[in-house]
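# Fold and contact review
Chain by chain, the residues run as shown.
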Amino acid sequence: MKLIDSLYAYPWKGNDNNCSSYVLSGVLNDGKHVVVDPGHLVTPYYREAGLDRLLEEMRRDGLDTALIGMVVLTHGHPDHAESAIILRNEFGAMVAMHESDAPAYSGMGGKVDVFLDEGTLELGAEPTTILQIYHSPGHTPGHITIYWPAHRALIAGDCIFYRSTGRSDLPGGDSRMLGRTIERLAELDVDCLLCGHPYGHPGIIQGKEAVRDNFGYIRNILY
């Protein structure tokens, strides 16, 4: 579904565990799209279609899936990254992620074209789309979050959910780092917070006050 201008959200609606995906439409050269976290190809337990469902939802919104030119992965867990392998091999999309999470993705057979670290990411020809990439460890060592200043939108991956946070007890997780990450992200000017999973909520938190309240609730439970 279209949220604002070129930003589309696809919350996961299945029964199995899979992530929500986000699309930045037409921001690359030749009108190509960026997909953030395409999720599982097929979910592990109930065998629900992940990638096919995402592509169908994009088509219903009028997005040409043949124009997927880049996949950005917030981190390397399979429920966020598995479908990137197909989008690279069969659609020709580049895959971008933080180097610290690349070993997890490579273990699934994935290849990375661009390593992202802290800083500005400029996409497309003039006028360029400017994103801010934040290294946001805690859930995984190489987790990143993506801030689109023009829309004050933050794609948070598995750092922040509705009234909850990502896990830090998995390999590579660190609760203190996650706390520092959340404190840092809470300082951004965010009107639209886009979570990596729809846990107990669609995972799309809109409005500056609602976003601020969510960060406040999380800080209270952390400290």
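Notes on the structure follow. (Residues numbered from 1 in each chain as written. Predicted model: local features only at pLDDT ≥ 70, side-chain atom pairs only at ≥ 80, totals over all residues. Heavy atoms only, no water.)

Our focus in this paragraph is the overall build of the chain. Counting its regular elements, the chain contains 6 helices and 15 strands. For 223 residues, the compact-globule estimate of 2.2 N^0.38 gives 17 Å, and the chain sits close to it at 16 Å. Each principal axis of the C-alpha distribution contributes one length, and for the chain these read about 45 × 40 × 30 Å. Evaluated residue by residue, the chain yields a buried proportion of 52% over its 223 residues. Within the chain, contacts between residues separated by at least 24 positions form 56% of all contacts whose residues are at least 6 apart in sequence. (Helix = DSSP H or I, 4+ residues; strand = E, 2+ residues; numbered from the N terminus. Rg over C-alpha atoms; globule rule 2.2 N^0.38 Å. Buried < 20%, exposed > 50% of the residue type's maximum accessible area, 1.4 Å probe, protein only. Contact = heavy atoms within 4.5 Å.)

We now examine the packing of aromatic side chains. For the coordinates displayed, the defined rule picks out 1 aromatic pair. Here the basic side chain of Arg163 rests over the ring of Tyr217, its NZ or CZ set 4.5 Å away from the ring centre. (Phe/Tyr/Trp six-rings, centres within 6.5 Å; stacked < 30°, edge-to-face > 60°. Lys NZ or Arg CZ within 6 Å of the ring centre and 35° of its normal.)

Next up on the list: the sheet that holds strand 1 (residues 2-4). Taken in spatial order, the 7 strands of this open sheet run 1-2-3-4-5-6-7, and their pairing is mixed. Single-partner strands in this sheet number two, and they are strand 1 and strand 7 (114-115). Sheet analysis places strand 3 (residues 21-24) next to strand 4 (residues 33-36), joined by 3 bridges and oriented antiparallel. In the sheet register, Val23 faces strand 4, and the bridge partner there is Val35. Along the sheet, helix 1 (residues 51-60) makes contact with strand 2 (7-10), strand 3, strand 4 and strand 5 (68-72), crossing strand 2 at roughly 135 degrees. (Pairing = 2+ DSSP bridges. Axes fitted to C-alpha atoms, helices over the stretch in contact; angles between N-to-C directions.)

All buried positions along helix 3 (residues 84-91) are accounted for by Ala84, Ile85 and Leu87. Where helix 3 is buried, its residues contact helix 1, strand 5, helix 2 (78-81), strand 6 (94-97) and helix 4 (102-106). Looking at the residues trailing helix 3, positive phi occurs at Gly92, about 75 degrees.

Glancing now at the sheet that holds strand 11 (residues 153-157). In spatial order, the strands read 8-9-10-11-14-15; together these 6 strands make up an open sheet with mixed pairing. Whereas interior strands pair on both sides, the edge strands pair on one side only; in this sheet they are strand 8 (119-123) and strand 15 (204-206). Strand-to-strand, the axes of this sheet are offset by a mean angle of 20 degrees, without reference to chain direction. When strand 8 meets strand 9 (residues 129-135), the two strands line up antiparallel, connected through 5 bridges. Bridging across to strand 9, Leu123 finds its partner in Thr129. Docked against the sheet, helix 6 (residues 208-222) engages strand 14 (192-195) and strand 15, running at close to 120 degrees with respect to strand 15.

Turning our eyes to something else, we now look at the nonpolar core. Formed by 25 residues in total, the largest nonpolar core has its most connected members in Leu24, Val34, Val36, Val72, Leu123, Ile146 and Leu194. For this core, the leading source of residues is strand 10 (residues 144-148), giving 3 residues. Excluding residues that lie within four positions of it along the chain, Leu24 makes contacts with Ser6, Leu7, His33, Val34, Val36, Leu131, Trp148 and Ile155. (Core = buried A, V, L, I, M, F, W, Y, C linked by side-chain atoms within 4.5 Å.)

Time to look at the environment of Gly124. Tracing the backbone through its elements, the reader meets Gly124 in the loop between strand 8 and strand 9. For the pair formed by Gly124 and Leu188, sequence separation is 64 residues and the distance between their alpha carbons is 24 Å. With residues near it in sequence (within four places) discarded, Gly124 still touches Val27, Leu28 and Asn29.

Before going further, it helps to spend a moment on unusual backbone geometry. Positive phi outside glycine occurs at Asp37, with the angle close to 60 degrees. Topologically, Asp37 is positioned in the loop between strand 4 and helix 1. A positive phi is found at Arg152, a non-glycine position, where the angle reads about 50 degrees. For Arg152, the location among the structural elements is in the loop between strand 10 and strand 11. Residue Arg152 is classed as partly exposed on the basis of its relative accessible area, which comes to 33%.

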